[in-house]
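Examining the three-dimensional arrangement
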Amino acid sequence: MLFAKGISVSTAAILGLAACNPPNTSQTTVPSTSAPTTVTENTTAPTAPAPATTTAQTGQNQDIDDIADRVEDALDSDGTLKQFDLDADDRGNAIVLTGRVQTAEQKALAEQIARQIAPNISINNEIVIQ
């Protein structure tokens, strides 16, 4: 009787684990009274994600030029930076910040704003401190 309960608990545990796996990813051999329980896993490697494209686009398929325009709009909207009329242009797969500011803090703020708008794009900060 103890042996039968042990098999029932083992079977329940195996079936519970099998239910956690996605369909068709594993095979479970149901134990018999004379053979040990075996579980075999599918060894097929998962499909690799598609490689990144060479054109800089975000998940929303926005063109880098549009993103540069959004960065420039954000710089023009910032109370501290709007007086400097800074530019954000796309150059290759990067956004380049240009213009003149008065302090290192203002230059850093411009870069921070650009990185918030375009977190997955390289930002080249070429802003000059006067």
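Calculation rules
Residues numbered from 1 in each chain as written. Predicted model: local features only at pLDDT ≥ 70, side-chain atom pairs only at ≥ 80, totals over all residues. Heavy atoms only, no water. Helix = DSSP H or I, 4+ residues; strand = E, 2+ residues; numbered from the N terminus. Contact = heavy atoms within 4.5 Å. Areas by Shrake-Rupley, 256 points an atom, 1.4 Å probe, with all protein chains shown as cover. Axes fitted to C-alpha atoms, helices over the stretch in contact; angles between N-to-C directions. Parallel < 35°, antiparallel > 145°, perpendicular 65-115°, else oblique. Left-handed = near helix turned anticlockwise from the far one by under 90°. Nonpolar A, V, L, I, M, F, W, Y, C, P; charged D, E, K, R; others polar. Expected span 1.5 Å × (residues − 1). Salt bridge = Lys/Arg side-chain N within 4 Å of Asp/Glu carboxyl O. Buried < 20%, exposed > 50% of the residue type's maximum accessible area, 1.4 Å probe, protein only. Pairing = 2+ DSSP bridges.

**A look at the overall build of the chain**
- Looking only at helices and strands, one finds 3 helices and 7 strands in the chain.
- Taken from N to C terminus, the helices and strands of the chain fall in the order α-β-β-α-β-β-β-α-β-β.
- Taking as baseline every contact in the chain between residues at least 6 positions apart, the subset at least 24 positions apart corresponds to 51%.
- Total accessible area computed for the chain in this model is approximately 9,000 Å², and 53% of it derives from carbon and sulfur atoms.

**Observations regarding the packing of helix α2 (residues 64–77) against helix α3 (residues 104–117)**
- Closest axis-to-axis distance for the α2/α3 pair is 9 Å, and the angle between their directions is 135 degrees. One element, α2, and the other, α3, form an angle in the oblique class. Viewed along their axes, α2 and α3 form a crossing whose handedness is right-handed. Residues Ile-67, Arg-70, Val-71, Ala-74 and Leu-75 of α2 pack against Ala-110, Ile-113, Ala-114 and Ile-117 of α3.
- Partitioning the contact of α2 with α3 into residue classes produces 8 nonpolar, no polar and 1 charged.

**A look at α2**
- Here α2 spans 20 Å end to end across 14 residues, near enough to the 20 Å set by a 1.5 Å rise per residue.
- Buried residues along α2 sit in contact with β3 (87–91), β4 (94–98) and α3.

**Focus: the pattern of salt bridges**
- In this structure the tally under the stated criterion is 2 salt bridges.
- Arg-91 is paired through a salt bridge with Glu-126; the nearest N and O atoms lie 3.2 Å apart. Here the residue Arg-91 occupies a position in strand β3, and Glu-126 occupies one in the loop between β6 (122–125) and β7 (128–129), the gap between them amounting to 35 residues.
- A relative accessible area of 39% means that Glu-126 is categorised as partly exposed.
- With a shortest N-O distance of 2.8 Å, Glu-111 and Arg-115 are connected by a salt bridge. One end of the pair, Glu-111, and the other, Arg-115, are both in helix α3, 4 residues apart, so they sit about a helical turn from each other.
- Exposure remark for Arg-115: the relative accessible area of 38% places this residue in the partly exposed category.

**Focus on the sheet that holds β6**
- Strand order in the open sheet formed by 3 strands is β3-β4-β6, and the pairing between neighbours is mixed. Looking at the sheet topology across the chains shown, the edges are occupied by β3 and β6. Taken pair by pair, the neighbouring strands of this sheet meet at an average axis angle of 25 degrees, ignoring direction.
- Looking at chain direction, β4 and β6 are connected through 4 bridges and run parallel. Across the sheet, the residue bridging to Ile-95 is Ile-123, located in β6.

**Quick look at the environment of Asp-87**
- Within the secondary structure, Asp-87 is located in strand β3.
- Here Asp-87 falls in the partly exposed class, since its relative accessible area comes to 31%.
- Each C-alpha atom of the pair Asp-87 and Asp-73 lies 9.1 Å from the other, and the pair is 14 residues apart in sequence.

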